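# Coordinate analysis (summary)
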Amino acid sequence: MTGILPYTQRTSIAYFSMEIALRPEIHSYSGGLGILAGDTARSCADLELPVVFVSLASRAGYLRQEIAPDGSQVGYDDPWEPSEWATPLDAMIAVSVEGRSVWIRPWLYVVACPLGHLVPVLLLDTDLDQNAPEDRSITDHLYGGDDVYRLKQEVVLGVGGVRTLQALGFSIRTYHLNEGHAALLTLELLRRRRRSGPNGLEHEVDHVRDVCVFTTHTPVEAGHDRFSYEHVRRVLGDDFIAPDEIRPLAGEDRLNMTRLALNLSGYVNGVARRHAETTQRMFPGYRIAAITNGVHAPTWTHAGFAELYQGILPNWGHEPELLVRADQLPDEEVWAAHQAAKHELLDEVRRRTGISMDQNAPLIGFARRMTGYKRPDLLFSDMQRLRSLAAKFPFQVVVAGKAHPRDTQGQQIIRDVHARMRQLSPEIRMAFLPNYDMALARTLVAGTDVWLNTPLPPLEASGTSGMKAALNGVLNLSVLDGWWIEACVEGVTGWSIGRDGPEGAEQHGRDLYDKLEGEVLPLYYHDRAGWIRMMKQGISKIASYFNSQRMMRRYTTEAYVRP
């Protein structure tokens, strides 16, 4: 227990997240939610905030993706070994699952910043000899299994996480729920309050609200976890909190984890201004604040650009707001750093796919989760227009992204994208890079020329890949949704596709082609100085604001320190 003692004495905030991206070798994340949690931990270390992070070990990972010859996604387990990166703590707690005691042991991973500040991360693990075989695997597969398996994981995260913190000696004053997966922690807190005194339910609910912060990320109804009360009774039993008492807080028909978190959190926020507005419409009657996401600048900045920034702004990594002065960087040095990053990406494309691309032709990148509302196939919606455009202004495309194993639509999109790529070859050089992960993302966001984002409004909560691209002088071309509504200064920081709002979404394909043909590609080919000027404007206006340092300062002053 000595390894955890230095943290228990000075930590008052617990941040719960189903997934967290700590480093590429630790496969405890699937995508944007985990990347955000990891960036949050890194900024907490930079700012020396008193936060402990709680997540699942996810020993089998999320998904290792391969692509079959016909373009189909083939998924495998993506295991990692906690003992290689984390330290087992000499403590175990138990939760009741289906009437059995399920024991949980935390692994300790420490996030360190260059200034020496440290933040602890607890990865909860049920793969213990004390557990029944079916329970040892609860913390194996991130987002795996059926609804019952998922509910068990969320019991381990929410209920088990609170008990683990108490067993280790933490005195937590604020619990931050990064999405609704950890919402059962609110019931555990409520249960503890009710056991400790004779006060009424409403009094105890108010106390739980005082200590809970909820960040919602999902503007898609299907993305909110719901469990039948039959499953809740089966997994948690009647001794935890009776379903009749849960229903007023979590929904009459099914336990809605988002609604539970909304009802038992005193501060609730969306992750962009537009997302907060969308959430307010989905859940009227709640006050939804807006704290727009950010990214950890040193993690996502290519070494060449980091060297440039260091030359004129020595403290940029700790204070990324200093990047507002990036417009003073010499043009030739900015272009040289970009070309070096692009060269590394093209080498990676050739290594993974055997496809050789042109260093001097513009490269469009699209990388994110492969699912319907992200519309990764929008670029291919008019094949003849795409061919005509490439004949006039040659360009290249690189795509990456995984579909959830149960997302049949997303998996079909991957097959369709591969089919379109084959039809366009060799006229347009295109490559799909399999197994999109943290390491590949770093290469992609630095090495492309244009970062494309085509969600169906208003379904993009925030999006952070474009922020990472801007750190490296890559220009955004995006539908006006999520964070881009706040960041887009047309023709200065990047370009929009279509108008603001869901109206006209059916025209986004045509708008995309028009913008590429009329503005983006002509600028690249005919006005290199203008292109570099936009690169520098993107860095100075986007990277200086859309970073996780600014984000965590806002959480601290608005969510963690409340009247």
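Now for a description of the structure that goes with this document. This one's a predicted model, so the numbers in the text were calculated from it and none came from an experiment.

### Concerning the side chain of K342
Counting through the fold element by element, K342 comes out in helix α13 (residues 331–353). Side chain to side chain, K342 and Y524 meet in a polar contact 3.4 Å long. Ignoring any residue separated from it by four or fewer positions in sequence, one finds K342 in contact with D358, Q359, N360, A361, P362, L363, G447, D449 and Y524.

### Focus: the environment of M92
Tracing the backbone shows M92 in the loop between β5 (87–88) and β6 (93–97). Looking at M92, the relative accessible area reads 36%, which means it is partly exposed. Considering only alpha carbons, one finds M92 and G160, 68 residues apart in sequence, at a separation of 9.9 Å. Look past the residues within four positions of M92 in its chain and what remains in contact with it is W103, I104, R105, L128 and Q130.

### Focus on the packing of aromatic side chains
Scanning all chains against the criterion turns up 14 aromatic pairs. When the ring of W335 is compared with that of Y524, the centres are 6.3 Å apart and the planes differ by 55°; the resulting orientation is tilted. Within this pair, whereas W335 is found in helix α13, its partner Y524 is found in helix α19 (residues 508–526), the two being separated by 189 residues in sequence. Neither residue differs from the other here; W335 and Y524 are each classed as buried. Ring centres of F393 and Y525 lie 6.1 Å apart, and the angle between their planes is 25°; this geometry places the pair in the stacked category.

### A short note on the environment of R10
With respect to the helices and strands, R10 occurs in the loop between α1 (5–8) and β1 (13–17). Once the C-alpha coordinates of R10 and I172 are considered, the two residues, 162 residues apart in sequence, prove to be 9.9 Å apart. For R10, the residues in contact, after removing those within four places along its chain, are P50 and L118. Only 3.4 Å separates the side chain of R10 from the backbone oxygen of L118, close enough to count as a polar contact.

### Digging into the environment of M535
Inspection of the secondary structure assignment puts M535 in helix α20 (residues 528–543). Each residue touching M535, except ones within four places of it in the same chain, is listed here: F305, V334, W335, H338, G473 and L475.

### Some remarks on the pattern of salt bridges
Pairing of side chains with opposite charge becomes possible as their charged atoms draw close. Throughout the structure, instances matching the rule amount to 38 salt bridges. Between R136 and D127 there is a salt bridge, and its shortest N-O distance comes to 2.8 Å. The class for D127 is partly exposed, based on a relative accessible area of 24%. A salt bridge links E348 to R352, with the nearest nitrogen and oxygen atoms 2.6 Å apart. Linking E348 with R352, this pair stays in helix α13, spanning four residues, or about one helical turn. For E348, a relative accessible area of 16% puts it in the buried group. Judged by relative accessible area, which is 30%, R352 ranks as partly exposed.

### Regarding helix α12 (residues 303–312)
F305, A306, L308 and Y309 are the residues of α12 that are buried. Considered in projection along α12, the buried side chains sweep an arc of 160° and stay on one side of the axis. Residues of α12 that are exposed and angled more than 90 degrees away from the buried face: A303, E307 and G311. Of the surrounding elements, those touching the buried residues of α12 are α13, α17 (465–471) and α20.

### A few points about the pairing of strand β2 (residues 51–56)
In terms of residue burial, β2 counts as a mostly covered element, since six of its six residues are buried. Burial along β2 is two-sided: V51, F53 and S55 facing one way and V52, V54 and L56 facing the other are all buried. Bridge count for β1 against β2 is four bridges, and the pairing is parallel. The residue bridging F16 from the neighbouring strand is V54, located in β2. Running through helix α2 (residues 32–47), the crossover from β1 to the neighbouring parallel element β2 is right-handed. As paired strands, β2 and strand β8 (residues 118–125) are joined by four bridges and run parallel to one another.

### Observations concerning the sheet that holds strand β20 (residues 494–497)
Taken in spatial order, the six strands line up as β17-β16-β15-β18-β19-β20 in an open sheet, and their pairing is parallel. If you trace the sheet from one side to the other, it starts and ends with β17 (429–433) and β20, each paired once. Ignoring strand direction, the axes of neighbouring strands in this sheet form an average angle of 20°. Where strand β19 (residues 475–479) lies against β20, four bridges are found, and the strand directions are parallel. Following the sheet pairing, V479 is matched in β20 by I497. Relative to the sheet, helix α15 (residues 408–424) contacts β16 (396–400) and β17, its axis offset from that of β17 by approximately 155°. Across the sheet, α19 touches β15 (363–367), β18 (450–453), β19 and β20, and the angle it forms with β20 is around 160°.

### As for the packing of α13 against helix α16 (residues 438–447)
In contact at an axis separation of 8 Å, α13 and α16 are set at 130° when each is read in the N-to-C sense. On the basis of their axis angle, the class for α13 and α16 is oblique. Regarding α13 and α16, the two cross each other, and that crossing is left-handed. Across the interface between the two elements, H338, A341, K342, E344, L345, E348 and R352 from α13 touch L440, T443, L444, A446 and G447 from α16. Across the contact of α13 with α16, the residue classes tally to five nonpolar, three polar and four charged.

### Considering helix α14 (residues 383–392)
Taken as a whole, α14 has its buried residues at M383, L386, L389 and A390. Viewed end-on, α14 has its buried residues packed into an arc of 125°, placing them on one side of the element. Those residues of α14 that are exposed and aimed more than 90 degrees away from the buried face are Q384, A391 and K392. Against α15, β17 and α19 lie the buried residues of α14. The N-capping residue of α14, defined by a side-chain oxygen 3.3 Å from the backbone nitrogen of Q384, is D382.

### Let's talk about unusual backbone geometry
Cis geometry is found at the peptide bond from S425 to P426, where omega equals 5°. Inspection of the secondary structure assignment puts P426 in the loop between α15 and β17. Residue P458 is reached from P457 by a cis peptide bond, and omega for that bond is 0°. Examined against the element boundaries, P458 turns out to sit in the loop between β18 and α17. For E98, which is not glycine, the phi torsion reads 55° and is therefore positive. Looking at the secondary structure, you find E98 in the loop between β6 and β7 (100–112).

The rules behind the values
Counting starts from 1 at the beginning of each chain's written sequence and moves along it residue by residue. Confidence filtering applies because this is a predicted model: local features only for residues at pLDDT of at least 70, side-chain atom pairs given and counted only at 80 or more, and all residues used for totals across whole chains, interfaces and linings. Side-chain descriptors were evaluated using all non-hydrogen atoms of the structure, hydrogens and water having been removed beforehand. The helix count covers DSSP runs of H or I at least four residues long, the strand count covers runs of E at least two residues long, and both are numbered beginning at the N terminus. N or O atoms within 3.5 Å of each other form a polar contact, as long as, within protein, one can give a hydrogen and the other can take it, and as long as residues adjacent in sequence are counted only when both atoms are side-chain atoms. We call two residues in contact whenever any of their non-hydrogen atoms come within 4.5 Å of each other. We call a residue buried when its accessible area falls under 20% of the maximum for its residue type, exposed when it is over 50%, and partly exposed in between, using a 1.4 Å probe and counting protein chains only. Working definition: rings of Phe, Tyr and Trp (its six-membered ring) pair if their centres are within 6.5 Å, and the pair is stacked with planes under 30 degrees apart, edge-to-face with planes over 60 apart, and tilted otherwise. Put simply, a salt bridge is a Lys or Arg side-chain nitrogen that is within 4 Å of an Asp or Glu carboxyl oxygen. In this description, one arc is meant: the one made by directions from the helix axis to the C-beta atoms. The rule for pairing is simple: two strands pair if DSSP sees at least two bridges between them. Seen with its strands pointing away from the viewer, a crossover is right-handed if its path from the first strand over the helix to the second goes clockwise. Geometry is summarised by axes, namely lines fitted to C-alpha atoms with helices restricted to the contacting stretch, and by angles between N-to-C directions that run from 0 to 180 degrees. Any angle that is under 35 degrees is reported as roughly parallel, and any over 145 degrees as roughly antiparallel; angles of 65 to 115 degrees are reported as roughly perpendicular and all others as oblique. Crossing chirality is assigned from the near helix's rotation relative to the far helix, an anticlockwise turn below a right angle marking it left-handed and a clockwise turn marking it right-handed. Classification used: nonpolar for Ala, Val, Leu, Ile, Met, Phe, Trp, Tyr, Cys and Pro, charged for Asp, Glu, Lys and Arg, polar for all others including Gly.

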